[in-house]
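Okay, here's what each chain looks like letter by letter:
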Amino acid sequence: MKSEDTPFEGGPMDGRVLPVLLGLTGHPPKTYRIPVPDPHGGAPTVLIYRRVSRGKGRLTHRWKYVHDPAGDQGGDRLRWPWRRPDATPGGKPDDADG
């Protein structure tokens, strides 16, 4: 598999460059999750980095990862145009009173 050295900005990984595997399209994943084990044996903390543009190289687009301190906000779920939104109003669809 092909990989690309990708820089990380912000958070504990600030300034590091890691080889990230590229997908079939030649792009790294949109989000990069790094599990950090809890020293007390609890659930691990997951650091989330989002892919942003770093500019265009000679032939390909270049990427970097920026720390997302807010965490996962459901950004990885596919959003198809024909899907209904998560929050649906109350009442029946044919109900004129709502």
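Quick caveat: nothing in here was measured; it's all calculated off a predicted structure.

1. What to know about the side chain of threonine 31
- Summarising the element assignment, threonine 31 is placed in strand β3 (residues 31–36).
- On the basis of relative accessibility, which here comes to 12%, the residue threonine 31 falls in the buried class.
- Separated by 3.2 Å, the side chains of threonine 31 and arginine 33 make a polar contact.

2. Observations concerning the packing of aromatic side chains
- Within the structure shown, the criterion is met by 4 aromatic pairs.
- When the centroid spacing of 5.2 Å and the interplanar angle of 20° are considered together, the rings of phenylalanine 8 and tyrosine 65 count as stacked. In this pair, phenylalanine 8 sits in strand β1 (residues 3–9) while tyrosine 65 sits in strand β5 (residues 61–67), placing the two residues 57 residues apart along the sequence.
- Among the residues examined, tyrosine 65 registers a relative accessible area of 0% and is labelled buried.
- An aromatic cluster is defined as three or more aromatic residues linked by ring pairs; in this entry it consists of Phe8, Tyr32, Tyr49 and Tyr65.
- In this arrangement the basic side chain of arginine 51 is found over the ring face of tryptophan 63, its NZ or CZ atom lying 4.1 Å from the centre.

3. Some remarks on the sheet that holds β5
- With respect to topology, 5 strands assemble into an open sheet ordered β2-β1-β5-β4-β3, the strand pairing being mixed. Of all strands in the sheet, those with a lone pairing partner are β2 (17–21) and β3, marking the two edges. Averaged over neighbouring strand pairs, the angle between their axes works out to 40° when direction is ignored.
- Where β1 meets β5, 2 bridges bridge the pair, whose relative direction is parallel. Each bridged residue has a counterpart across the sheet, and for phenylalanine 8 the counterpart in β5 is tyrosine 65.

What counts, and at which threshold
Residues numbered from 1 in each chain as written. Predicted model: local features only at pLDDT ≥ 70, side-chain atom pairs only at ≥ 80, totals over all residues. Heavy atoms only, no water. Helix = DSSP H or I, 4+ residues; strand = E, 2+ residues; numbered from the N terminus. Buried < 20%, exposed > 50% of the residue type's maximum accessible area, 1.4 Å probe, protein only. Polar contact = N/O pair within 3.5 Å; in protein donor to acceptor, adjacent residues only side chain to side chain. Phe/Tyr/Trp six-rings, centres within 6.5 Å; stacked < 30°, edge-to-face > 60°. Lys NZ or Arg CZ within 6 Å of the ring centre and 35° of its normal. Pairing = 2+ DSSP bridges. Axes fitted to C-alpha atoms, helices over the stretch in contact; angles between N-to-C directions.

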